[in-house]
Every structure is written in structure tokens, then in C-alpha cells.
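Each chain is listed here by its residues.
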Amino acid sequence: IRRQRQMCIRDRLNPRYLFETFVSGPSNELAFAACKAVAENPAMAYNPLFIFGGVGLGKTHLLTAIGHQILNDKPRTRVIYTSSEQFVNEVINAFRFSQVDEFHAKYRQNCDVILMDDIQLIAGKERTQHEFFHIFNTLYDLQRQIVVTSDKLPHEIPEIEERLRNRFQWGLIADIHPPEIETRVAILRQKAENDGIDLPDDVAFFLAKNIRSNVRELEGALIRLIAHSSLTKRDLTVDYAKQVLNDILNAREQPISIESIQKLVASYFQVRVSDLKSNRRHK
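About the thresholds
- Residues numbered from 1 in each chain as written.
- Predicted model: local features only at pLDDT ≥ 70, side-chain atom pairs only at ≥ 80, totals over all residues.
- Heavy atoms only, no water.
- Salt bridge = Lys/Arg side-chain N within 4 Å of Asp/Glu carboxyl O.
- Axes fitted to C-alpha atoms, helices over the stretch in contact; angles between N-to-C directions.
- Helix = DSSP H or I, 4+ residues; strand = E, 2+ residues; numbered from the N terminus.
- Parallel < 35°, antiparallel > 145°, perpendicular 65-115°, else oblique.
- Left-handed = near helix turned anticlockwise from the far one by under 90°.
- Contact = heavy atoms within 4.5 Å.
- Nonpolar A, V, L, I, M, F, W, Y, C, P; charged D, E, K, R; others polar.
- Patch = residues over 30% accessible without salt bridge, like charges linked within 9 Å, V, L, I, M, F, W, Y side chains within 5 Å.
- Areas by Shrake-Rupley, 256 points an atom, 1.4 Å probe, with all protein chains shown as cover.
- Polar contact = N/O pair within 3.5 Å; in protein donor to acceptor, adjacent residues only side chain to side chain.

Novice: Mind showing me how you'd approach the pattern of salt bridges here?
Specialist: Oppositely charged side chains can pair when the atoms bearing their charge come close. Applying the stated rule across the entire model yields twelve salt bridges. Between Arg 272 and Asp 275 there is a salt bridge, with its nearest N and O atoms 3.1 Å apart.

Put into C-alpha cells, the structure is as follows:
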């Protein structure tokens with residue numbers, strides 16, 4: 001039964017997301033080191049571990065890598081890897097189908113390590129927050145490891161209970177920043193090597209220079225370029241990259257105006273630009 005359960009857990013862990021395949025650099029070295037420490041000694045290093053960073057910077061990669069290493073080193077460890085979305089659905093179904101006891105047993109009694117992705121998505125969900133608060137307390141008191149990821153810092157997550165926000169700050173908050181150009185080039189080279197592609201240095205630097213926001217977009221651009229090159233039998237060159245990625249590069253070259261910022265802010269806060277610029281200061 002234990003072997004079947006561990007196989008089920010591994011099925012949910014992306015096999016490509018290992019520490020060995022994660023490119024570490026100045027932008028993510030703290031998070032990388034903290035995750036390695038947690039994986040080597042769960043609940044002994046940093047508990048809880050709160051991994052914070054923008055979209056596509058490697059949070060899920062590191063979270064998954066922790067699960068892989070713990071299961072490799074200590075196969076009998078009871079690891080639960082879940083997304084906040086799945087956790088919310090589990091809470092709903094537990095009460096809907098009168099399976100609360102089973103739900104509590106899974107997370108409070110039969111769990112040594114919980115890895116939860118995108119914790120910010122439980123914001124505004126009172127019942128889910130209540131359940132996670134008690135799971136957190138139980139696991140923490142039993143000295144079991146808690147790792148969560150978020151695209152917002154604890155104090156920036158809206159509609160979340162203060163008691164839960166405080167607990168996220170008990171351990172280590174490890175942030176991940178957008179990678180600098182050297183790290184972006186290293187990511188591209190590793191991706192190309194894994195795919196058996198000979199990526200010219202000038203093309204790698206061209207991509208790294210022009211796509212800066214996140215790793216996911218950077219790798220996506222490389223995949224697109226490789227696919228085009230393979231289908232058209234064209235060599236990978238900077239000129240060819242400009243041609244294939246023309247839409248992406250043009251979108252990035254559009255200047256940001258004061259008017260565009262005002263429209264975006266007004267849209268986000270659901271107010272009119274005229275109100276935003278007026279002398280009134282109503283909430």
C-alpha cells in the first residue's frame with residue numbers, strides 16, 4: 001500500500017523538475033539553497049518555507065524538486081503535493097460528501113511533508129483557510145515540514161486571515177527574482193542541451209537579451225524557434241530568430257505611456273481615469 005501511495009505521489013510530480021535541472025544564479029540562489037536544505041532535512045532547517053516570486057520564475061520547479069529528493073532519500077516519508085485549487089476542491093468535497101474525517105486524517109495524521117503550490121489562491125475562501133490553519137498548526141506542532149509557494153508576499157495576499165498570514169512569516173521567506181542575463185543564457189543552453197539542439201551563442205544571447213520577464217516565456221520562445229527551424233530546415237541564426245519571434249519582440253518594443261499606465265491602474269481598481277486624475281480622494 002505504501003509503495004502504491006508513493007507511486008501515486010510521484011505521478012503528480014513532474015519528472016523534469018529536479019534540483020539537477022534547475023539553473024541557479026544570483027536571482028534565485030537563496031530559494032534554491034533553502035529548498036535544498038529543506039529536502040535534505042525536512043522540518044529541521046526552515047519550517048515553514050515560503051517561496052515567493054512572479055509567474056514563471058521556477059517556484060513550482062523547486063517545490064517539486066523538494067518532493068523528488070525527499071522521496072529518493074527517505075522513501076517512507078509521507079509527502080503530499082497539491083495545488084491550492086485542488087486543496088479547495090478537496091475541502092468542498094469533504095463537506096459535500098461527509099468525508100471530513102478522512103480529509104483530516106489525510107492532512108493531519110498521514111502527512112510528514114506538505115507541498116502546496118500557489119497558496120495565494122485560497123484568499124477569500126474562509127472555510128479553506130480555516131482548514132489549512134488547523135492543518136498548519138497540527139503539522140507544525142508535530143515538527144513536520146510545510147512548504148508553500150506564492151506570487152505575493154504574505155502581507156500582500158488579500159482577503160486572508162491575519163492568523164494565517166502571521167504563520168507564513170514564522171519561517172523563512174525565500175524570494176525568486178527574474179534571472180539576470182547570464183542565468184537566462186545558462187537556462188537556454190541547458191534546455192537546448194537536454195533537447196539535443198546545438199544552440200549558437202549569439203542566438204542564446206539574443207533571446208536572453210530580449211526576453212527578460214520569466215523563465216517560462218524564455219523557454220517557450222526557444223521551443224518555438226527550434227520547432228520552426230526543424231520544420232523549415234533552416235539554421236538557427238539571430239536573423240532567423242528575429243523573423244520567427246517578430247510578434248513577441250514587437251510587442252515588447254511598444255513604449256509604455258502615461259496614458260497606458262493610467263488606463264491599467266483605473267481598470268484594476270475599477271474606477272474611471274477621470275476620477276483617478278480628479279481632485280477627489282474618495283475611497
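Novice: Can you help me understand the packing of helix α8 (residues 181-194) against helix α10 (residues 215-232) in this one?
Specialist: What describes two packed helices is the angle between their axes and the distance between those same axes. At their nearest, the axes of α8 and α10 sit 10 Å apart, and the two run at 45° to each other. Between α8 and α10, the interaxial angle falls into the category oblique. Crossing hand, α8 versus α10: right-handed. Note on element contacts: α10 touches α8 through Val 215, Leu 218, Glu 219, Leu 222 and Ile 223, opposite Arg 184, Ile 187, Leu 188, Lys 191 and Ala 192. In terms of residue class, the contact of α8 with α10 is built from seven nonpolar, no polar and three charged.

Novice: What am I meant to see in the packing of helix α4 (residues 84-96) against helix α5 (residues 100-109) here?
Specialist: Their axes nearest at 8 Å, the elements α4 and α5 cross at an angle of 145°. Where α4 approaches α5, its residues Phe 87, Glu 90, Val 91, Ala 94 and Phe 95 are matched on the opposing element by Val 100, Phe 103, Lys 106 and Tyr 107. Here the contact of α4 with α5 is built from residues that sort into seven nonpolar, no polar and two charged.

Novice: Help me out: how do you make sense of a nonpolar patch on the surface in this one?
Specialist: There is a patch of nonpolar side chains on the surface, built from Ile 256, Ile 258, Ile 261, Val 265, Tyr 268, Phe 269, Val 271 and Leu 276 and spanning about 830 Å² of accessible area. Structurally, Val 271 is set in the loop between α13 (258-269) and α14 (273-277).

Novice: What is the right way to look at the side chain of His 61 in this model?
Specialist: Looking at where His 61 falls in the secondary structure, it is placed in helix α3 (residues 59-73). A polar atom in the side chain of His 61 sits 2.8 Å from the backbone oxygen of Leu 18. Apart from the residues lying within four places of it in its own chain, the contact partners of His 61 are Arg 16, Tyr 17, Leu 18, Thr 21 and Phe 22.

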